[in-house]
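Reading the structure
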Amino acid sequence: MRNRVEVLHGVNLDTLGRRDPEHYGGITLQELEVRIKRFASELGLEVRFFQSNHEGEFVEYLHRLPDLADAALLNAGAWTHYSYAIRDALEIAAVPVVEVHLSDVQSREPWRRHSVFEGIVAGVVSGEGPDGYRKALAMLKAQLDGG
Ligand code: DQA
């Protein structure tokens, strides 16, 4: 059964709870992970979590991804907007990925409107806060069930 989803939190996501509440609410990463775990079990998915502020470490983790998971849910933080290294590593990993943002990146600063992952992710969920992770997991489940 293909149901293992890796939830990848990128740069600065470990500081949730201290970031601008207007964009991110008050939830901490730990609290977010509790909610994601609950969403996952409702959908019959198994989740693991990884967070790093170090791009090279993140890339090396992505190299191991095919051994660890069947699919991934990715909030890469600011790397979303400029890290071609992470884009390449996702292509190498070649597992279905859904990109998530807590905030509505399209309605913020212009530099946040572009994602380097465009074209290689199965979907994007943005601006729905923690509930967006549920939607993203459901999208991944549909991918896993369909293929
Ligand atoms: C973010 C949006 C990014 O632009 C930002 O750099 C983040 C978080 C979000 O979840 O809304 O760190 O990915």
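These notes cover the structure that comes with them.

Quick notes on the rules
Residues numbered from 1 in each chain as written. Predicted model: local features only at pLDDT ≥ 70, side-chain atom pairs only at ≥ 80, totals over all residues. Heavy atoms only, no water. Helix = DSSP H or I, 4+ residues; strand = E, 2+ residues; numbered from the N terminus. Rg over C-alpha atoms; globule rule 2.2 N^0.38 Å. Pairing = 2+ DSSP bridges. Axes fitted to C-alpha atoms, helices over the stretch in contact; angles between N-to-C directions. Contact = heavy atoms within 4.5 Å. Core = buried A, V, L, I, M, F, W, Y, C linked by side-chain atoms within 4.5 Å. Buried < 20%, exposed > 50% of the residue type's maximum accessible area, 1.4 Å probe, protein only. Near = heavy atom within 4 Å. Polar contact = N/O pair within 3.5 Å; in protein donor to acceptor, adjacent residues only side chain to side chain. Areas by Shrake-Rupley, 256 points an atom, 1.4 Å probe, with all protein chains shown as cover. 1 Å grid on protein atoms, 1.4 Å probe; cavity = no way out; pocket = protein on both sides within 12 Å on 5 of 7 lines; lining within 4 Å. Sits in = over half its atoms within 2 Å of the grid points. Nonpolar A, V, L, I, M, F, W, Y, C, P; charged D, E, K, R; others polar. Expected span 1.5 Å × (residues − 1). Bend = angle between axes of the 7 residues up to and from the residue.

A separate point is the overall build of the protein. Check the secondary structure of the protein and you find five helices and five strands. The secondary structure elements of the protein, listed N-terminal to C-terminal, are β-α-α-β-α-β-α-β-β-α. Here the C-alpha radius of gyration of the protein, 14 Å, is about what a compact globule of 147 residues would show, namely 15 Å. Projected onto its principal axes, the C-alpha coordinates of the protein cover approximately 40 × 30 × 25 Å.

Taking strand neighbours across the sheet as the criterion, the five strands line up as β2-β1-β3-β4-β5 in an open arrangement whose pairing is parallel. Edge positions in the sheet fall to β2 (46-51) and β5 (123-126), since each has one partner strand and no second. Taking each pair of neighbouring strands and ignoring which way they run, the sheet shows an average axis angle of 20 degrees. The strands touched by helix α2 (residues 29-43) within the sheet are β1 (4-9) and β2, with β2 carrying the most contacts at an inclination of about 160 degrees. The sheet strands contacting helix α5 (residues 131-146) are β1, β2, β3 (71-75), β4 (97-101) and β5, and the helix crosses β3 at an angle near 155 degrees.

Turning our eyes to something else, we now look at the nonpolar core. Core analysis: the largest hydrophobic core is formed by 25 residues, its most contacted members being Val5, Leu73, Tyr133 and Leu137. Breaking this core down by element, the ones donating at least two residues are β1, α2, β3, β4 and α5. It is α2 that contributes the most residues to this core, six residues altogether. Residues Leu65, Ala69, Ile86 and Val121 belong to the second largest nonpolar core, which totals 23 residues.

Time to look at the site of the ligand. Around the ligand, the neighbouring residues are Arg19, Tyr24, Asn75, Gly77, Ala78, His81, His101, Leu102, Ser103, Val105 and Arg112. Between the ligand and the protein, one listed contact pairs an oxygen atom with a side-chain N or O atom of Asn75 at 2.8 Å. His101 is positioned such that a nitrogen or oxygen atom in its side chain is 2.8 Å from an oxygen atom of the ligand. When isolated, the ligand has an accessible area of 320 Å², and the protein chains bury 99% of it. Here the ligand occupies the largest pocket. Of the residues belonging to the shell around the ligand, the class tally is four nonpolar, five polar and two charged.

So, about helix α3 (residues 55-68). The periodicity of an α-helix, 3.6 residues per turn, causes residues three or four positions apart to be oriented the same way. Across its 14 residues, α3 extends 19 Å between first and last C-alpha, which sits within 8% of the 20 Å expected from 1.5 Å per residue. Where α3 bends most, the angle comes to about 30 degrees, and this point is Leu62, followed within four residues by the proline Pro66. Of all the positions in α3, only Phe58, Val59, Tyr61, Leu62, Leu65 and Leu68 are classed as buried. Buried-residue contacts for α3 involve β1, β2, β3 and α4 (84-93).

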